Amino acid sequence: VEGDYLEFGVFEGKTLIPASHIGSVINKKNKMRFIGFDSFKGLPKPQGIDEKGFEHFSEGNYSYDYEKLMNNIKLSGANENKIEIVKGWFKDSLNESTKKKLGLKKAAVIYVDCDLYESSKEVLNFIGDLVQNGTILVFDDWFCYRGDPDRGEQKAFAEWLKKRKNISAIEWKRFGWYGNSFILRVNKK
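Residues numbered from 1 in each chain as written. Predicted model: local features only at pLDDT ≥ 70, side-chain atom pairs only at ≥ 80, totals over all residues. Heavy atoms only, no water.

Q: Before we move on, can you summarise the overall build of the protein chain with the specific residues and values?
A: For the protein chain, the count of helices and strands is 6 helices and 7 strands. In sequence order, the secondary structure elements of the protein chain are arranged as β-α-β-α-β-α-α-β-α-β-α-β-β. Rg of the C-alpha trace for the protein chain: 16 Å, near the compact-globule value of 16 Å for 189 residues, within the 12% margin. Residues counted as buried form 47% of the 189 residues belonging to the protein chain. Taking the contacts inside the protein chain whose residues are at least 6 apart along the sequence as the reference set, 71% of them involve residues at least 24 apart. Side chains of the protein chain carry 31 positive and 27 negative charges; the gap between the two charge centres is 7 Å. (Helix = DSSP H or I, 4+ residues; strand = E, 2+ residues; numbered from the N terminus. Rg over C-alpha atoms; globule rule 2.2 N^0.38 Å. Buried < 20%, exposed > 50% of the residue type's maximum accessible area, 1.4 Å probe, protein only. Contact = heavy atoms within 4.5 Å. Lys, Arg positive; Asp, Glu negative; His and termini not counted. Charge placed at Lys NZ, Arg CZ, Asp CG, Glu CD.)

The structure is reproduced here in structure tokens:
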């Protein structure tokens, strides 16, 4: 599948960095870019249904220093020219201006690790026109909230699919105790 690797919620780079190594090997033409989005201030203050949530999802959790992340990337031996980091809260950075600036057209892999329902909604709204047949969408915290489908990433994804009648999802692989992935299909209208 052509396109870029997009990761939302980068933290220390423990997913982004290996993805860049693997993607560079798999993608022989080496056109894939690896773009990470993070506030570097941790999670925003949980509001609405996120307010009474999973104990690890509170304001400021998972903050990490941008310079440390860049050092992690350098020390890993990853191709730094293929990795780009977008700093900022999703509500401020996930917009058409960012898509245009980055030249985003298609996503091959989308990794969602933003934990909260509200943040997941912002990510999904941002990626809607970037998905294509075969895009892999990974949710790092799918089974948090005791697997409640009316919370977190599961609720945001169900609502997103309901609004986009032309996109369907095939469950693909579960990982760890918390993660799940899907292969997306874009149906002709």
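Q: Now, about the side chain of D38: what can you tell me, with residues and values included?
A: Within the secondary structure layout, D38 lies in strand 2 (residues 34-38). A polar contact of 2.8 Å, which involves the side chain of D38, links it to the backbone nitrogen of F40. Excluding anything up to four places from it in sequence, D38 contacts G9, V10, F11, V86, K87, G88 and F90. (Polar contact = N/O pair within 3.5 Å; in protein donor to acceptor, adjacent residues only side chain to side chain.)

Q: Outline the packing of helix 5 (residues 117-127) against helix 6 (residues 152-163), listing residues and values.
A: Here helix 5 crosses helix 6 at 35 degrees, and the two axes come no closer than 8 Å. Crossing geometry of helix 5 relative to helix 6 is assigned as right-handed. When helix 5 is examined against helix 6, the residues Y117, S120, K121, L124, N125 and I127 are found in contact with a partner set consisting of G152, E153, K155, A156, F157, E159 and W160. For the contact of helix 5 with helix 6, a count of residues per class yields 6 nonpolar, 3 polar and 4 charged. (Axes fitted to C-alpha atoms, helices over the stretch in contact; angles between N-to-C directions. Left-handed = near helix turned anticlockwise from the far one by under 90°. Nonpolar A, V, L, I, M, F, W, Y, C, P; charged D, E, K, R; others polar.)

Q: Pulling in residues and values, what's your account of the sheet that holds strand 7 (residues 179-186)?
A: Taken together, the 7 strands give an open sheet; going across it, the order is 3-2-1-4-5-7-6, and neighbouring strands pair in mixed fashion. Edge positions in the sheet fall to strand 3 (83-87) and strand 6 (167-175), since each has one partner strand and no second. Averaged over all neighbouring strand pairs, the angle between strand axes comes to 20 degrees, with direction disregarded. Both strand 1 (residues 4-8) and strand 4 (residues 107-112) contribute to a ladder of 5 bridges, which runs parallel. Bridge pairing in strand 4 places E7 opposite Y111. Its contacts with the sheet put helix 5 on strand 1, strand 2, strand 4 and strand 5 (136-139), and the angle it makes with strand 1 is roughly 160 degrees. (Pairing = 2+ DSSP bridges.)

Q: Tell me about helix 2 (residues 66-76), and please be specific about residues and values.
A: A side-chain oxygen of the first residue of helix 2 lies 3.1 Å from the backbone nitrogen of E67; this N-cap is D65. Count one or two residues on from helix 2 and you reach G77, which has phi positive near 85 degrees.

Q: Describe in detail the nonpolar core, supporting the description with residues and values.
A: Counting 29 residues, the largest nonpolar core has L6, F8, F37, I110, I127 and F157 as the members making the most contacts within it. At the level of elements, strand 1, strand 2, strand 4, helix 5, strand 5, helix 6 and strand 7 are the ones that each hand at least two residues to this core. Top contributing element to this core by residue count: helix 5, with 5 residues. Excluding residues that lie within four positions of it along the chain, F37 makes contacts with L6, E7, F8, G9, V10, V86, F90, L94, T98, L102 and F126. Grouped together as the second largest cluster of nonpolar side chains are 18 residues, L16, I17, I83 and I85 included. (Core = buried A, V, L, I, M, F, W, Y, C linked by side-chain atoms within 4.5 Å.)

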